[in-house]
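The lines below spell out each chain.
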Amino acid sequence: MPRRRRQGFSTVAVHGGRDAHETDTPVVTPLYQSVNFVQEVGTEAGLRYPRYGNNPNAELLHKRLAMLEGSEASLLLASGMGATTCAMLALLRPGDHLLASEWIYGGTHRLFTREFQSMGIQVTLVDPMESRVWRKRIRKHTRAIFVETPVNPSCRVIDLRPISYLTQEMGLALVVDSTFASPVNFRALEHGADVVIHSATKYLNGHHDVLAGAVMGTASYIEEVRQKMMVWGQAPDPFACWLLERGLKTLDVRLRRHNENAMRLAQWCSERPEFARVHYPGLPSHPDYEVARATLDGFGGMMAVELDGGGDAAERFISRLRVMTHAPSLGGVDTLVSEPRFTSHAAMTPAERAAIGIPDGFVRISVGIEDADDLIADMTQALK
Ligand SMILES: *Cc1c(COP(=O)(O)O)cnc(C)c1O
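Residues numbered from 1 in each chain as written. Predicted model: local features only at pLDDT ≥ 70, side-chain atom pairs only at ≥ 80, totals over all residues. Heavy atoms only, no water.

Engineer: Sorry, what's going on with empty space enclosed by the protein here?
Structural biologist: Space left empty within the atom packing is revealed by a probe, the size of a water molecule, rolled over the atoms. Here the structure, examined in full by the defined rule, presents one cavity of 30 Å³ or more. Here the largest cavity defines a volume of roughly 60 Å³. Each of domain 1 (9-248) and domain 2 (251-383) contributes no fewer than three residues to the lining of the largest cavity. (1 Å grid on protein atoms, 1.4 Å probe; cavity = no way out; pocket = protein on both sides within 12 Å on 5 of 7 lines; lining within 4 Å. Points joined across faces, edges and corners; volume = space filled by probe spheres on them. Domains from an automatic or database assignment.)

Engineer: When you look at the site of the ligand in this model, what are you seeing that I'm missing?
Structural biologist: In the region of the ligand, 13 residues are neighbours, and G80, D177, S199, T201 and K202 sit closest. Between D177 and the ligand, the recorded distance is 2.7 Å, taken from a side-chain N or O atom to a nitrogen atom. A distance of 2.8 Å separates an oxygen atom of the ligand from a polar side-chain atom of S199. Relative to its unbound accessible surface of 380 Å², the ligand loses 92% to contact with the protein. Across the shell around the ligand, the residue classes break down as five nonpolar, five polar and three charged. (Near = heavy atom within 4 Å. Polar contact = N/O pair within 3.5 Å; in protein donor to acceptor, adjacent residues only side chain to side chain. Areas by Shrake-Rupley, 256 points an atom, 1.4 Å probe, with all protein chains shown as cover. Nonpolar A, V, L, I, M, F, W, Y, C, P; charged D, E, K, R; others polar.)

Engineer: Could you clarify how one ought to interpret the nonpolar core in this entry?
Structural biologist: Considering soluble globular proteins, one finds that nonpolar side chains tend to be buried as a cluster. Among the nonpolar cores identified, the biggest contains 49 residues, and L65, W134, I145, V147 and L204 are the most heavily contacted of them. Element by element, the count of residues in this core is highest for helix 9 (residues 238-248), at five residues. Among the domains, domain 1 (9-248) and domain 2 (251-383) are the pair contributing at least three residues each to this core. Among residues more than four places away in sequence, those in contact with L65 are S74, L76, L204, A214, M216 and L248. In this structure, A73, C86, F116 and V123 belong to the second largest nonpolar core, which totals 31 residues. (Core = buried A, V, L, I, M, F, W, Y, C linked by side-chain atoms within 4.5 Å. Buried < 20%, exposed > 50% of the residue type's maximum accessible area, 1.4 Å probe, protein only. Helix = DSSP H or I, 4+ residues; strand = E, 2+ residues; numbered from the N terminus. Contact = heavy atoms within 4.5 Å.)

Engineer: Would you mind going over the side chain of R364 with me for this structure?
Structural biologist: Among the secondary structure elements, R364 is positioned in strand 12 (residues 362-366). One buried charge, R364, has no salt-bridge partner; the nearest side chain with opposite charge is E148, at 8.0 Å. Here the side chain of R364 touches S329 through a polar contact of 3.1 Å, landing on its backbone oxygen. Ignoring any residue separated from it by four or fewer positions in sequence, one finds R364 in contact with N152, P153, F180, M302, M303, A304, S329, L330, L336, V337, S338 and P340. (Lys, Arg positive; Asp, Glu negative; His and termini not counted. Salt bridge = Lys/Arg side-chain N within 4 Å of Asp/Glu carboxyl O.)

Engineer: How should I be thinking about the pairing of strand 2 (residues 97-101) in this particular structure?
Structural biologist: On a regular strand, each side chain points to the face opposite its neighbour's, so the side chains alternate between the two faces of the sheet. Summarising burial for strand 2: five of the five residues are buried, a large majority. With five bridges joining them, strand 2 and strand 3 (residues 122-126) adopt parallel strand pairing. Within strand 3, the residue paired with A100 across the bridge is L125. Note that the unit made of strand 2, helix 4 (residues 106-118) and strand 3 has a crossover that is right-handed. (Pairing = 2+ DSSP bridges. Right-handed = clockwise from strand over helix to strand, strands pointing away.)

Engineer: Honestly, the sheet that holds strand 10 (residues 325-326) in this entry has me stumped. Any pointers?
Structural biologist: Two orientations exist for strands paired in a sheet by backbone hydrogen bonds: parallel and antiparallel. Pairing is mixed across the open sheet formed by five strands, whose spatial order is 8-9-12-11-10. Unpaired on one side and paired on the other, strand 8 (275-279) and strand 10 mark the two borders of the sheet. Here three bridges tie strand 11 (residues 336-338) to strand 12, and the two strands are oriented antiparallel to one another. Residue pairing for strand 12: L336 is matched across the bridge by S366. Lying over the sheet, helix 12 (residues 310-320) contacts strand 8, strand 9 (302-307), strand 10, strand 11 and strand 12, oriented at roughly 125° with respect to strand 9. (Axes fitted to C-alpha atoms, helices over the stretch in contact; angles between N-to-C directions.)

Engineer: Please clarify how the domain arrangement of the protein should be interpreted in this entry.
Structural biologist: Where interface size is given, it is often the accessible area lost as the parts come together that is meant. On domain assignment, one finds that the protein holds domain 1 (9-248) and domain 2 (251-383). Each of domain 1 and domain 2 has a C-alpha centre, and these two points are 26 Å apart. Taken residue by residue, the interface counts 31 residues in domain 1 and 35 residues in domain 2. Buried area between domain 1 and domain 2, summed over both chains or domains, comes out near 2800 Å², and the portion from carbon and sulfur atoms is 61%. For domain 1, the biggest contributors to the area lost against domain 2 are P153, N185 and Y203; these three give 27% of the whole. For the pair domain 1 and domain 2, the interface holds two salt bridges. Between R156 and D288 there is a salt bridge, with the nearest N and O atoms lying 2.5 Å from each other. For the side of domain 1 that touches domain 2, the secondary-structure elements that each account for two or more residues are helix 1 (9-15), helix 7 (182-185) and helix 9. (Buried area = accessible area lost by both parts, 1.4 Å probe.)

Take a look at the structure:
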């Protein structure tokens, strides 16, 4: 039997999950900025309330995000941290053990090492590149493995295959935060993950104006996450959903430009003597270049440089930039630069940071969609 042709990524990003357009209906999804919906008399069926995640603007995105990631279901939450928290609480009970990569987002690190420990959930952090260590650290009550890839801010790319063989063999859930890649560049479910998490604040929305998170997985698991979201109060606001739908429409075209721009910038930076090192998985000099080439559909918009003159040189460079903006966060149309020593890794000493590959002088760049020539011109004048 001929299979029905699957629609392309951009078509799904624009139309996925919506009803057929009928005469006189708006082309743009209306914003349902209402907490209450008229209820049928004599039944609890169909009860709508935004905190339950069934506002119409949220429901449309649940379908569209699942189609983009290739999952059975998805859920939108108030932030990336809300997504990670509810996704993990749906998997873990007091007494359970979680195995996680030590290269994870600062907020996730705090959630695992402080909040979960105090709730009686044991957490072990491991070096994700030591593939034999994963198996060694599994305990009787281990329930899940958590990995973030590509990694912030080193742009390391983790090969999920060996980890997914282990989770399948041992009956564990493999949870992957693939915020840095977006579903355009990497769909972790195709590489053995069971659950995918995104900070939708980043590439999914892409315009620096929405805070949101998403979880993708099976329908029964997503229902468990929704139950957590309801009681922990982590549902997104209808207007955030509406803006996110608008941002999502250009996901594919934006990511193509992010990928192109970052590649050009990384190649340019790697020829400048002012930079001691350039971190970008699309460069053959990157330690995970082969894994990135084999598993990613694009090398992404995130890169980092190490200024030869250390912290002072980084500050001089950043303060002279005119097009690129010094600001935290990532994944939007504007190019943003930041120093991890003052943001995500501020709690560490310079020596501790240097030991994990973030020496003073390390500048992370979230490459936007501006014209690459202008970004290069901006860097050129800032290095003078
Ligand atoms: C930003 C980020 C988060 C947290 O997302 P918020 O939307 O800020 O709550 C989680 N993981 C990664 C990889 C991130 O970059």
